[in-house]
Structure formats: C-alpha cells, structure tokens
Amino acid sequence: MSNDKPLILVVDDEPDIRELIKDILEDENYEVRIAADGQEAQQIFNEQQPDLILLDIWMPDIDGISLLKEFKQQNKNVTIVMMSGHGTIETAVEATRLGASDFIEKPLSTAKLLRGVEQALENRAKQASIQKELAQIPVGKSQQIKLLREQVERVAKHEMPILLVGEPGVGKHCFSHYLHSLGQFSGGKFIELSPESFPLDSLKITSLAKNNCLYIHDLALLSDEAQALLLHLLESHKLQQCQLICATQYSLQKAVDNGDFLESLLYQLNSITLVVPPLRDHIEDIPELVHHFVDVQTTRSGLPYRRFTVAAQNRLRNHEWSGNILELKNVIQRLLVLGNGEDIDVADVDLALASEAEAIENGDETINFELPLREAREQFERIYLLRKLQETDGNVGKAAKLAGMERTHLYRKLRSLGIDTKQI
C-alpha cells in the first residue's frame, strides 16, 4: 500500500454499491478496502486502521451506529462518514453526536460521494494539524516548566509507562503529546482512552497500542475490570510495543488506601512520575502563554488579532486560576471572540473573568449528579451551549468558535438538545 494514499474502508452489505464506490474512489487515487458486513469491517479496522470509513447504517449483522460507537471507542480520532438510503434527521443527529463527521444519503452520485470524502479528509487533516500543534514544545520559561521539559526529554524514549500527575487544566494533555513526539513510537498514532471508552478486551487494547502511543487520562477513575485488565497486560508484557502514558488529577495512593485502585497496578505505573505544576506556581509564564494562545486562535480559528495591554497581562498574572492553563485559554478565547477594538485592557479582562466565574458557578448548581453519565453529559452540554449562546447574544457562528466546534456540528447538536436559537 502506498504511504501517500489515504486508506478508505467502505462498509456496505450491497455488493453493487460497495464495488461501485470502490471503483470511483480508486479512480481518484485512493487506496480502498471493502467489507460486506460488520464482522469483516472489524477485522480490517483492527489490521489496518483506515484514514476514513464510509459506513452504511443498515446491515444484517451489526448496525452502522453500533459499529460507529465501537470504532470511536477504539480510536476517537478515526474519521467516519455514515451512509444510508433510509436516513432521517434523527439518525443523522445521533450519528453526529456519537462522532460521525458527516452523513451522506443514498442514492450516491459521484459528485456527492467525492465531495463528502474530500471534506471528511480535509477535516481530518485539520485535526491532524491541531494534534501536531499540541505536540510542540510546551510554552513557558519558568524554572518549573524548564525542569519539567528536561525531565520529559530524558524519559520520553524509555520503555516503561510514564505517569503524569497534576490538577485539572494544568497541561497534562499537552505534555503527553510532547512525550509522544519525542518517543520511539512518534511515527504512530496518539490514541486517547478515558474510563468510559476503555475497552474491556485485551486483544482490542493490544491491537490499538501496537506501535502507537496509548494515553489513558483520569486513570484513577478506571473501573475495577479495566484496572485488572491493564494490570494483566502490564504483568504479561503485552504492552511493550507501545508508549504508555497515564494521567491523573487524583492521588492514586489515596485511591489505593480507599480500596478504589489496585496497589499492584500503582507499582506498575509509578516508576516514572512527572508532576505538572499548577499555573499559580509559575505565573511568570502567563504573558508568554497569552501570546501563544492568541497566535493559536487567530491562526487556527481565524479570530481577529487583538493586543493585550501590559496592564491586562498584569491583571491576568494576579488572578487565582483555579482552572489553571485551561481556564486561561478559555478566557483568552472569549476575549478574542467577544472583544471590540484592537486592544484588550483591564476592564475587558475583569468582565471575562467575572463571566467565567458565573458560568462555573451556575453550571455546577444546575447539573443533576444523580443521573446516569449519558444523561448528565447531555444536561451539561445543554447548559454549556446555552451559556455560549447567551454570551454571543444568540450568534451561532461566534458560539461555535467559543465552543471550538464547526458551525454545522453546533447546529446539529442544538437540534438534538432541543435548543431554539431564536428564543435566546
């Protein structure tokens, strides 16, 4: 298989359709694999990790929505476009909510198919560019960040698991990408797993991990079954052909003491532990972080450039930043989207900080923590998006930029949550 050709997996139970799609895409210089059902698709996915999957919804063994969830669970970065001749708005919304990048209705014309494929691959390339950006050297000239960078550079190529510890929002995700970029599997994928998406299947995990970087965040929240499986894989040396990075905001020793975490798993994972400091411990980095986030937002999101005055930067230095670097990034994004004029001064910063504090306070008070995770997540999404729409006076375009979403995806999400922008 040529390395410069995107690999596309076509999954459809109708032989005429999948062969036609294959012929069209190969004529356009794409590498194509076809699968007649869900089982065959799973096998190809595990063997080759395609760049794009064209996935039919209605199939005889496993429906497309179930396959979509499974593929996204194994690799959240895989790009999937759903296909159906019986599609409805509700199905499209559900597929988008679960991670599909687009929805193409049958019958497929050549123009419609190629447009959908090109757009999906363009979006994938954009996301890859963002991931590459994340792998850049973490920003900061303070002694703490310099020391941490030096530690990362020393241990990145080590074969043992690496544990990142730090408060929420301190930049563990950023340092994990930096570790991957310096590691011996830097040419492989960066695959994220959460406690919810961790597959309880050793073959799936080893297949995902092989020659890639496996990043497990919120490690302390893994289920008992997931902990036992991870321990087994480590003890049996089945994760040697990957870079394993784990992150936690909680004390694993406390979790062990409370009976919530396996002590033997802690010993397997904490040989190399890197502590990412809270922003309050290196506030001298804030001006550089401000310039970095302004550059990122104006380049990636096309936001207008605005200069932070020295007084505004000093105000940011004196804030508590309980949400750490992530909170700083969100405040800067809000100021760029909603600000007027070329300069951002102290008054603008005070207003943004007050808005951030109000959003956090109101969000916590209105989420029902007794709900199952899926319902609670939807409740949070509704609160979050309503807040973004209120901040932008109902302007969906600006709200999409604040939320870091494509405008079309935001429209679909709003419809699925029953939010009427005309009433904002």
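On a predicted model such as this, the values are computed, not experimentally measured, just so you know.

Some details on the overall build of the protein
Summing up its helical and strand segments, the protein has 18 helices and twelve strands in all. The buried share of the protein, taken over its 424 residues, is 46%. On the protein, roughly 21000 Å² of surface is accessible, and the fraction owed to carbon and sulfur atoms is 48%.

Regarding the sheet that holds strand β8 (residues 213–216)
Strand order in the open sheet made by the five strands is β7-β8-β9-β6-β10, with parallel pairing throughout. Edge positions in the sheet fall to β7 (190–193) and β10 (272–275), since each has one partner strand and no second. Sheet twist, expressed as the average angle between the axes of neighbouring strands with direction ignored, equals 20°.

Section: the packing of helix α2 (residues 38–48) against helix α3 (residues 64–74)
Geometry of a packed helix pair, given as the angle between the helix axes and the separation of the axes. Running from amino to carboxyl end, α2 crosses α3 at an angle of 15°, the nearest separation of the two axes being 11 Å. Comparing the axis directions of α2 and α3 gives the class roughly parallel. Considering only the axes of α2 and α3, their crossing is right-handed. Taking contact as the criterion, the partners of Gly-38, Ala-41, Gln-42, Phe-45 and Asn-46 in α2 are, on α3, Leu-67, Glu-70, Phe-71 and Gln-74. By residue class, the composition of the contact of α2 with α3 is four nonpolar, four polar and one charged.

Side note on the packing of aromatic side chains
Applying the stated rule across the entire model yields three aromatic pairs. Taking the centre distance of 4.3 Å and the plane angle of 25° together, the rings of Phe-45 and Phe-71 count as stacked. Of the two residues, Phe-45 is situated in helix α2 and Phe-71 in helix α3; the sequence distance between them amounts to 26 residues. For the pair Phe-45 and Phe-71, one class covers both residues: buried.

Re the sheet that holds strand β4 (residues 79–84)
Strands sit in the order β2-β1-β3-β4-β5 across an open sheet of five strands; the sheet is parallel. The open sheet terminates on both sides in strands that have one partner only, identified here as β2 (31–35) and β5 (102–105). For this sheet the average axis-to-axis angle between neighbouring strands, irrespective of direction, equals 20°. Bridging between strand β3 (residues 52–56) and β4 involves five bridges; their strand directions are parallel. Residue pairing across strands places Asp-56 opposite Met-83, the latter belonging to β4.

A closer look at helix α6 (residues 143–155)
The first and last C-alpha atoms of α6 sit 19 Å apart over 13 residues, in line with the 18 Å expected at 1.5 Å per residue. Among all positions of α6, only Ile-145, Leu-148, Arg-149, Val-152 and Val-155 are buried. Buried residues in α6, looked at end-on, bunch into an arc of 140°, giving them a common side. More than 90 degrees from the buried face of α6, the exposed residues found are Gln-143 and Arg-154. Here the buried face of α6 lies against β6 (162–165), α7 (172–182) and β10.

Digging into the environment of Ala-403
On the secondary structure map, Ala-403 appears in helix α17 (residues 396–403). Residue Ala-403 is classed as buried on the basis of its relative accessible area of 18%. Each C-alpha atom, one on Ala-403 and one on Asn-330, is 9.3 Å from the other, the two residues being 73 residues apart in sequence.

Remarks on a negative patch on the surface
A surface patch of like charges, here negative, comprises Asp-13, Glu-14, Asp-16, Glu-19, Asp-23, Asp-27, Glu-28, Asp-61, Glu-118 and Glu-122. Elements that contribute at least two residues to the negative patch include exactly α1 (15–27) and α5 (110–134). For the negative patch, the element with the most residues is α1, which contributes four residues. Relative to the helices and strands, Glu-118 resides in helix α5. What makes Glu-118 partly exposed here is its relative accessible area of 39%.

Cut-offs applied
Residues numbered from 1 in each chain as written. Predicted model: local features only at pLDDT ≥ 70, side-chain atom pairs only at ≥ 80, totals over all residues. Heavy atoms only, no water. Helix = DSSP H or I, 4+ residues; strand = E, 2+ residues; numbered from the N terminus. Buried < 20%, exposed > 50% of the residue type's maximum accessible area, 1.4 Å probe, protein only. Areas by Shrake-Rupley, 256 points an atom, 1.4 Å probe, with all protein chains shown as cover. Pairing = 2+ DSSP bridges. Axes fitted to C-alpha atoms, helices over the stretch in contact; angles between N-to-C directions. Parallel < 35°, antiparallel > 145°, perpendicular 65-115°, else oblique. Left-handed = near helix turned anticlockwise from the far one by under 90°. Contact = heavy atoms within 4.5 Å. Nonpolar A, V, L, I, M, F, W, Y, C, P; charged D, E, K, R; others polar. Phe/Tyr/Trp six-rings, centres within 6.5 Å; stacked < 30°, edge-to-face > 60°. Expected span 1.5 Å × (residues − 1). Arc of directions from axis to C-beta. Patch = residues over 30% accessible without salt bridge, like charges linked within 9 Å, V, L, I, M, F, W, Y side chains within 5 Å. Salt bridge = Lys/Arg side-chain N within 4 Å of Asp/Glu carboxyl O. Lys, Arg positive; Asp, Glu negative; His and termini not counted. Charge placed at Lys NZ, Arg CZ, Asp CG, Glu CD.

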